[in-house]
Amino acid sequence: MNIKKISLTNILLFVFLFLQIAFWNITKEKKPEWTVSPEVPSARMVNVMALGDNQFLFRILCFYLQNAGDSGGRFSSLTKYDYSALEEWFYLLDELDSKSNYTAAMAAYYYGVTPKTEDVRHVVRYLRSHVDKNPAKKWRWLAHAAYLAKHRIKDEKLALEIAKELAGLDVPNMPLWTRQMPAFILSDMGDKEAARTIMTVIMGTTPDLPETEVRFMQNYIKHHLGDLKQKEKAK
Amino acid sequence: MISTLRYVLIIALRDKLFAGLFVFMAFALGASLFLGDSAMVEKYAASAVYAGAVSRMIIVFGLLIFISFHVQRLYDSLEIEAILSRPISRASFVISYWASFSVIAVLLAVPAVIAVSFFLPSFSYSFILWGSSIILESLIVVALGLFCSLTIRRAVNSILAGIGFYMLTRFGSLFTSIADYNISFDNSSYFDVFMKYAIEAIAMLMPRLDLFGQTRWLIYGADIDISLLVVQVLIYVPLLLTAAIFDLKRKQF
């Protein structure tokens, strides 16, 4: 090999290539600092980010929040998330689009299954606020909030409060079970009498009650709430 | 006018503008489908919104880049001098170029809008409104691109100016809300008051492009009167073209 043919350019090319590899070797341990619960941007910042198209930003942020903590080749346990921050995110997403069910579904079905049951309170609080925006179309989320409160948090008082809120909504054409929900929870709490009263009131005041519903409620009273007359006799 | 259109179309085909942007759009729409499919719920809505927003961006940036490089080439090759040496007024030069670029814009926007329709469950009036607003917006973008490239000459600078201006126009609602923000004159500094009016002044001069092409129309229905957008185009396109003609008339060749 003729050494004269090795020009300065060739030498510099190899030197800088070597330096680049050396630089990579030094910096390879500097990994990006991924956060599990991303920081919530301010409302004004969101306005800037949206560039006038809030719906597009909403879908992008939903995707971002759905995958938060699971990016960059990691998978984070739901116990590691900051649910206070998540709750703020849910409200922020509702500001961008409160018609969509995306945020509520993500909160209820994904973040709501955390094993840290106290964190579920954030989800329940959000779902209740989400329903307030349009009860006629969102009442189902209140039922889910009641479910989370009763079966995940195991707070029957909270579940009853939510069930009463659901039953009290002035929304026509809600299924009958939404009115019966407080009775189911009261029955589980042991207050059979109150549950029976609710069922009896529903049967007595609901016009055009389908025969199947009447039978169901009679059956429920008989088998779950007990016969009151027999109980009084026993006393 | 027809010869300018023919010329611009030939250049667009030669530069593979249509092929390039449609391939890019195909990738973007594919990515939208993929991203939408990974959504927990409302998959079609997510895909449609991504596709709509991305197509809009591609059309806008594609047009700004194409127009800027085309006009730079006109300056560099002295074609602009040759054209203006003929008995053609500078105003008709600008208008014929705007009209020709607008045809290109429509030829780009219509297939893009049709492609977005495949992401929707049905063909609705709101979708037609959305598509129309994208076409209307592209007419303003063409005028903006032409104004920037004729005044700045160098393509890179005019692209940056065009993109910067376009971004500002998309902040229209933000500017309005900042300007509406109640400032207590007793407690605020002169700077706060100055900023409020400065932002109001900027907002006054900007077209409200944030009102165009809202992706929420694709899923929840359009809640805007299209005539409002038409009026904005009828005001802002002549404004930009007049500014471009004004600048061109002051230029010495």
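Residues numbered from 1 in each chain as written. Chains lettered and ligands numbered in written order. Predicted model: local features only at pLDDT ≥ 70, side-chain atom pairs only at ≥ 80, totals over all residues. Heavy atoms only, no water.

**Quick look at the overall build of chain A**
When helices and strands are counted, chain A shows 12 helices and 0 strands. When the helices and strands of chain A are listed from N to C terminus, the series reads α-α-α-α-α-α-α-α-α-α-α-α. Computed over C-alpha atoms, the radius of gyration of chain A comes to 29 Å, more than 25% over the 18 Å expected from 2.2 N^0.38 for 235 residues, which places it beyond the range of a compact globule. Expressed as lengths along the three principal axes of its C-alpha atoms, the size of chain A is roughly 115 × 40 × 30 Å. In chain A, buried positions account for 41% of the 235 residues. In chain A, of all internal contacts separated by at least 6 residues, the share reaching a separation of at least 24 is 65%. As displayed, chain A has an accessible area near 14,000 Å², and 58% of this comes from carbon and sulfur atoms. When the 32 basic and 27 acidic side-chain charges of chain A are each reduced to a single mean position, those positions are 6 Å apart. (Helix = DSSP H or I, 4+ residues; strand = E, 2+ residues; numbered from the N terminus. Rg over C-alpha atoms; globule rule 2.2 N^0.38 Å. Buried < 20%, exposed > 50% of the residue type's maximum accessible area, 1.4 Å probe, protein only. Contact = heavy atoms within 4.5 Å. Areas by Shrake-Rupley, 256 points an atom, 1.4 Å probe, with all protein chains shown as cover. Lys, Arg positive; Asp, Glu negative; His and termini not counted. Charge placed at Lys NZ, Arg CZ, Asp CG, Glu CD.)

**What about the interface of chain B and chain A?**
Of the residues lining the interface, 26 residues belong to chain B; the matching set on chain A comes to 23 residues. Together chain B and chain A conceal approximately 2,100 Å² of surface at their shared face, both sides included; 64% is due to carbon and sulfur atoms. The interface formed by chain B and chain A holds 1 salt bridge in total. A:Arg59 is the partner of B:Glu42 in a salt bridge, and the nearest nitrogen-oxygen pair spans 2.9 Å. At the surface where chain B touches chain A, the tally comes to 14 residue pairs in polar contact (both at pLDDT 80 or more). Every element with two or more residues in the side of chain B that touches chain A is listed here: helix H3 (43-76), helix H7 (155-170), helix H8 (172-180) and helix H10 (216-220) of chain B. A total of 7 residues in the side of chain B that touches chain A trace back to one element, the largest contributor, which is H3(B). Here the side of chain B that touches chain A is built from residues that sort into 16 nonpolar, 5 polar and 5 charged. (Buried area = accessible area lost by both parts, 1.4 Å probe. Salt bridge = Lys/Arg side-chain N within 4 Å of Asp/Glu carboxyl O. Polar contact = N/O pair within 3.5 Å; in protein donor to acceptor, adjacent residues only side chain to side chain. Nonpolar A, V, L, I, M, F, W, Y, C, P; charged D, E, K, R; others polar.)

**Details of helix H3 (residues 54-66) of chain A**
With 13 residues, H3(A) ought to run about 18 Å at 1.5 Å a step, and its terminal C-alpha atoms sit 18 Å apart, in line with that. Among all positions in H3(A), only A:Gln55, A:Leu57, A:Phe58, A:Arg59, A:Leu61, A:Cys62, A:Leu65 and A:Gln66 are buried. Looking at the buried side of H3(A), the elements it contacts are helix H2 (43-50), helix H4 (83-96) and helix H5 (102-110) of chain A together with H3 and H10 of chain B. (Expected span 1.5 Å × (residues − 1).)

**Overview of the side chain of A:Lys150**
Relative to the elements of secondary structure, A:Lys150 occurs in helix H7 (residues 135-152). If near-sequence neighbours (up to four positions away) are discounted, A:Lys150 is found in contact with A:Asp155, A:Glu156, A:Ala159, A:Ile185 and A:Asp188.

**Topic: a nonpolar patch on the surface**
All names here are of chain A. A cluster of nonpolar side chains, Ile6, Leu8, Ile11, Leu12, Val15, Phe16, Phe18 and Leu19, forms an exposed patch at the surface whose accessible area comes to about 770 Å². Turning to its location among the elements, Leu12 is positioned in helix H1 (residues 8-27). In this structure Leu12 comes out as partly exposed when scored by relative accessible area, which is 38%. (Patch = residues over 30% accessible without salt bridge, like charges linked within 9 Å, V, L, I, M, F, W, Y side chains within 5 Å.)

**Considerations on the domain arrangement of chain A**
Quite often, the size of an interface is put as the accessible area lost when its parts meet. All names here are of chain A. You can read the domains of chain A as domain 1 (36-68 + 79-161) and domain 2 (175-235). Summing both partners gives a buried area of about 730 Å² for domain 1 against domain 2, and 84% of it is carried by carbon and sulfur. When the buried surface of domain 1 facing domain 2 is broken down by residue, Trp139, Glu156 and Leu160 rank first, second and third, together holding 57% of it. There are 1 residue pair in polar contact (both at pLDDT 80 or more) connecting domain 1 and domain 2. Contributions of two or more residues to the side of domain 1 that touches domain 2 are made by H7 and helix H8 (156-167). (Domains from an automatic or database assignment.)

**Some remarks on the packing of aromatic side chains**
Residue and element names in this part refer to chain A. Inspection of the entire model under this criterion finds 20 aromatic pairs over all chains. Between Phe90 and Tyr111, the ring centres sit 6.1 Å apart and the planes meet at 50°, which makes this aromatic pair tilted. You can see Phe90 sitting in helix H4 and its partner Tyr111 sitting in the loop between H5 and helix H6 (120-133), a full 21 residues away along the chain. Neither Phe90 nor Tyr111 differs from the other in exposure class; each is buried. On the numbers, 6.0 Å between centres and 35° between planes, the contact of Phe216 with Tyr220 is tilted. (Phe/Tyr/Trp six-rings, centres within 6.5 Å; stacked < 30°, edge-to-face > 60°.)

**Let's talk about the packing of H4(A) against H5(A)**
What describes two packed helices is the angle between their axes and the distance between those same axes. Residues and elements named next belong to chain A. Remark: H4 packs on H5, axes separated minimally by 9 Å, with the N-to-C direction vectors making an angle of 160°. Between H4 and H5, the crossing angle belongs to the class labelled roughly antiparallel. The crossing of H4 and H5 is left-handed. Here H4 contributes Phe90, Leu93 and Asp94 to the contact with H5, which in turn contributes Thr103, Met106 and Ala107. Of the residues belonging to the contact of H4 with H5, the class tally is 4 nonpolar, 1 polar and 1 charged. (Axes fitted to C-alpha atoms, helices over the stretch in contact; angles between N-to-C directions. Parallel < 35°, antiparallel > 145°, perpendicular 65-115°, else oblique. Left-handed = near helix turned anticlockwise from the far one by under 90°.)

**Comments concerning the nonpolar core**
One finds A:Tyr111 and A:Leu127 to be the most contacted residues of the largest nonpolar core, which totals 66 residues. Both domains that meet at this core, namely domain 1 (36-68 + 79-161) and domain 2 (175-235) of chain A, each give it at least three residues. Those residues in contact with A:Leu127 that lie beyond four places of it in its chain are A:Ala104, A:Ala108, A:Trp141, A:His144, A:Ala145 and A:Leu148. Membership of the second largest hydrophobic core comes to 65 residues, among which are B:Leu21, B:Met25, B:Phe119 and B:Leu150. (Core = buried A, V, L, I, M, F, W, Y, C linked by side-chain atoms within 4.5 Å.)

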